[in-house]
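These are the residues of each chain, in order.
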Amino acid sequence: MPLSERQLDTFADQHAGQIPFDTSPRHLAGPGDARHVTHGLAAAGWATVSDPLSAEIVMASPDHRYRLQFDPQSATSAWWRLRAAPGDNDHGWYAEFGELVPAEVLAGLTDALIAPPSSQPDPWQPVTSAGWQHDDAGTALSPDALCRIEHRPMNEFHERPSWHIEVRTSSDESFPGPRIWHAFLDEHVPDHLAGAFLGALADLRPLQRGMFDRTAHHRAVREPSPLRPQQVVDAHTARVKTIRAQARTVRRQQTAPATPPAPTAAVQPTARR
């Protein structure tokens, strides 16, 4: 079922009644509204294939290659799971994200997944540009030292490095404290998707949260936002419209008939003398 105007109106009604607070850094902002992810995918033509009366949401891409699962009753620490089946020339891959991953950060990856592929030669670039400490061992640390990104090296079980992101309650490396949330992207997740996730995570712009929304840690900074509630709603609506238009363009390109080859001139027989 495509994203309906009624569903957008429900989102608007809820957020129009909340006073937004700018919340940063992003890794401590809390989960936010999961519809930042699900509305974007639905606008791109993904279908909900789960039981509508279940707390679990499962969405599948139009070509059935990609599948997203959101399970708030999961017995594990991973509430979000994203899978890609193997393609004609591509490996399948898997990524998972913990309960308190900000929906807007995860949407950075899913938006990149449904957009035309873009070149991202260095997934670290947005992280280092945001001032995170990055070393040659494939590790980066947020300025508050609570979020750690590791590009773990190849080993006997993995032919390429995989991405591991953890946010913990303490900046003490010896005693980092309990884990707040995590993300794992296996070795076959395309670089442009990993870069989109890291870019959304390290983005210095705050996320908007309601006054009583859950944050991930007491060190999250919350300040009254200069944005009005309607501006938050309008930004979401504009993003959905952009994704819809993009999806229509892709569908037209996929269904357009191939240009027939230009006719060749007939070869005239050579006259006999």
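Quick caveat: nothing in here was measured; it's all calculated off a predicted structure. (Residues numbered from 1 in each chain as written. Predicted model: local features only at pLDDT ≥ 70, side-chain atom pairs only at ≥ 80, totals over all residues. Heavy atoms only, no water.)

Moving on to the UniProt feature "domain: DUF317" (unreviewed entry) in the protein chain. Here the UniProt feature "domain: DUF317" (unreviewed entry) sits at residues 61–116 and 142–206. End C-alpha to end C-alpha, residues 61–116 measures 14 Å, and it is 21% helix and 32% strand. (UniProt positions renumbered as here; feature names shortened; annotations may be inferred. Helix = DSSP H or I, 4+ residues; strand = E, 2+ residues; numbered from the N terminus.)

For the rest of this paragraph, the subject is the pattern of salt bridges. Side chains that differ in sign of charge can pair as their charged atoms come close. Per the stated rule, a full pass over the model turns up 12 salt bridges. Residues participating in the shared-partner salt-bridge network are Arg 26, Asp 203 and Arg 205. (Salt bridge = Lys/Arg side-chain N within 4 Å of Asp/Glu carboxyl O.)

In this section: the packing of helix α2 (residues 35–43) against helix α6 (residues 229–255). Contact geometry for α2 and α6: axes closest at 8 Å, N-to-C directions at 30°. As far as their axial angle goes, α6 and α2 are roughly parallel. The chirality of how α2 crosses α6 is right-handed. On α6, the residues touching Arg 35, His 36, His 39, Gly 40 and Ala 43 of α2 are His 236, Arg 239, Val 240, Ile 243, Arg 244 and Ala 247. (Axes fitted to C-alpha atoms, helices over the stretch in contact; angles between N-to-C directions. Parallel < 35°, antiparallel > 145°, perpendicular 65-115°, else oblique. Left-handed = near helix turned anticlockwise from the far one by under 90°. Contact = heavy atoms within 4.5 Å.)

Moving on: the packing of aromatic side chains. By convention here, two paired aromatic rings are described through the distance between centres and the angle between planes. According to the stated counting rule, one finds 7 aromatic pairs in the structure shown. Look at Phe 70 and Trp 79: their rings are 6.3 Å apart centre to centre, the planes differ by 65°, and that puts the pair in the edge-to-face class. Pair check on accessibility: Phe 70 and Trp 79 agree, each one buried. Look at Phe 70 and Trp 80: their rings are 4.4 Å apart centre to centre, the planes differ by 35°, and that puts the pair in the tilted class. One end of the pair, Phe 70, is in strand β4 (residues 66–70); the other, Trp 80, is in strand β5 (residues 78–84), with 10 residues separating them in the sequence. Taken as a pair, Phe 70 and Trp 80 share a single burial class, namely buried. (Phe/Tyr/Trp six-rings, centres within 6.5 Å; stacked < 30°, edge-to-face > 60°. Buried < 20%, exposed > 50% of the residue type's maximum accessible area, 1.4 Å probe, protein only.)

With that out of the way, let us pick up unusual backbone geometry. The omega torsion of the bond from Ser 24 to Pro 25 falls at -10°, within 30 degrees of zero and hence cis. Turning to its location among the elements, Pro 25 is positioned in the loop between β1 (21–24) and α2. Of note in this structure, His 64 is not a glycine but carries a positive phi near 65°. Following the sequence through the fold, His 64 ends up in the loop between β3 (57–60) and β4. The backbone of Ala 145 shows a phi angle near 65°, a positive value even though the residue is not glycine.

All right, on to the environment of Ala 183 then. As for its placement among the helices and strands, Ala 183 is situated in strand β11 (residues 179–185). Between the C-alpha atoms of Ala 183 and His 164, which are 19 residues apart in sequence, the distance is 5.9 Å. Not counting chain neighbours up to four residues away, the residues in contact with Ala 183 comprise Glu 96, Phe 97, Trp 163, His 164, Ile 165 and Phe 197.

Right, let's talk about the sheet that holds strand β12 (residues 207–209) for a bit. One open sheet accounts for 3 strands, arranged β12-β1-β13; its pairing is antiparallel. Each end of this open sheet is capped by a strand with a single partner; those strands are β12 and β13 (221–224). Between one strand axis and the next, the sheet turns through 40° on average, direction left out of account. Two elements, β1 and β13, share 4 bridges in a ladder whose sense is antiparallel. Among the inter-strand pairings, Asp 22 is bridged to a residue of β13, identified as Glu 223. (Pairing = 2+ DSSP bridges.)

As a further point, take the sheet that holds strand β7 (residues 133–134). Reading across the sheet, the 10 strands line up as β2-β3-β4-β5-β6-β11-β10-β9-β8-β7 and stay open at both edges, with antiparallel pairing between neighbours. Edge positions in the sheet fall to β2 (47–48) and β7, since each has one partner strand and no second. In this structure, β7 lies alongside strand β8 (residues 139–141), joined through 2 bridges in antiparallel fashion. Opposite His 134, over in β8, you have Ala 140 as the bridge partner. Lying on the sheet, helix α5 (residues 191–202) is in contact with β6 (93–98), β9 (147–152), β10 (162–168) and β11; it crosses β10 at an angle near 20°.

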